[in-house]
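# Report on the structure
Here is how the chains run, residue by residue.
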Amino acid sequence: MKLHIKKGDTVIVNAGESKGQEGKVLEVLVDKQRAIVEGVNMISKHTKPNAENPQGGIVKKEASIHISNLNVKDPSTGKATRIGRKEGDNNKLVRYSKKSGEEIK
């Protein structure tokens, strides 16, 4: 299944508790249709002591968000936009912003 979001995209959250926040996509979970976004949808996770964290305790980390609640940030206007696909150079599909028509890299 093709998703409109890729790792490395800057996205804006358009629904949920983190509405209006933006961040960079760290990971896309294709089978679950979810994405992990940097600094968004933070949760507190209790951890046992380990090599990374010898004290253990409560660690803040990002939880996944369903991709239907995310929109890619338009490179020219900086606002949320929908994504389209069209044939670009070398007969390959490229993603573009539906608002400005600009290609998204």
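Cut-off values and rules
Residues numbered from 1 in each chain as written. Predicted model: local features only at pLDDT ≥ 70, side-chain atom pairs only at ≥ 80, totals over all residues. Heavy atoms only, no water. Helix = DSSP H or I, 4+ residues; strand = E, 2+ residues; numbered from the N terminus. Buried < 20%, exposed > 50% of the residue type's maximum accessible area, 1.4 Å probe, protein only. UniProt positions renumbered as here; feature names shortened; annotations may be inferred. pLDDT = per-residue confidence, 0-100. Pairing = 2+ DSSP bridges. Contact = heavy atoms within 4.5 Å. Polar contact = N/O pair within 3.5 Å; in protein donor to acceptor, adjacent residues only side chain to side chain.

### Overview of unusual backbone geometry
With a phi close to 55°, Q33 is a non-glycine residue in the positive phi region. As for its placement among the helices and strands, Q33 is situated in the loop between β2 (22-29) and β3 (34-37). For Q33, a relative accessible area of 25% puts it in the partly exposed group. Despite not being glycine, N90 has its phi angle at roughly 60°, a positive value. Mapped onto the fold, N90 is located in the loop between β9 (83-87) and β10 (93-97). Exposure remark for N90: the relative accessible area of 70% places this residue in the exposed category.

### A short note on the UniProt feature "domain: KOW" (unreviewed entry) in the protein chain
Those residues carrying the UniProt feature "domain: KOW" (unreviewed entry) are residues 4-31 in this numbering. Across residues 4-31 one finds 0% helix and 43% strand; the C-alpha atoms that close the span lie 14 Å apart.

### Points about the confidence of the model for the protein chain
In the predicted model, the protein chain carries a mean pLDDT of 93, and 100% of its residues have values of at least 70. At the low end of the mean pLDDT range in the protein chain sits strand β11 (residues 103-104), at 90; at the high end sits β3, at 97.

### Some thoughts on the pairing of strand β1 (residues 10-13)
Where β1 and β2 come together, 3 bridges link them in antiparallel fashion. Among the inter-strand pairings, I12 is bridged to a residue of β2, identified as E22. Relative to strand β7 (residues 70-73), β1 runs antiparallel, the two being bridged by 3 bridges. Bridge assignment links V11 to a residue of β7, and that residue is V72.

### A short note on the environment of T10
Position of T10 relative to the elements: it lies in strand β1. We classify T10 as partly exposed; its relative accessible area is 34%. The spatial distance from the C-alpha of T10 to the C-alpha of P49 is 34 Å, given a sequence separation of 39 residues. Setting aside residues up to four positions removed in sequence, T10 forms contacts with E22, G23, K24, N71, V72 and K73.

### Comments concerning the sheet that holds β7
The 6 strands are arranged β6-β3-β2-β1-β7-β8 in an open sheet whose pairing can be described as antiparallel. Across the chains shown, the open sheet's two edge strands, defined by having one partner strand only, are β6 (64-66) and β8 (80-81).

### Re the side chain of S97
On the secondary structure map, S97 appears in strand β10. In terms of polar contacts, S97 uses its side chain to reach the side chain of D74, at 2.9 Å. Polar side-chain contacts of S97 include one of 3.1 Å to the side chain of T81. Those residues in contact with S97, other than ones at most four positions away along the chain, are D74, T81, R82, E102 and I104.

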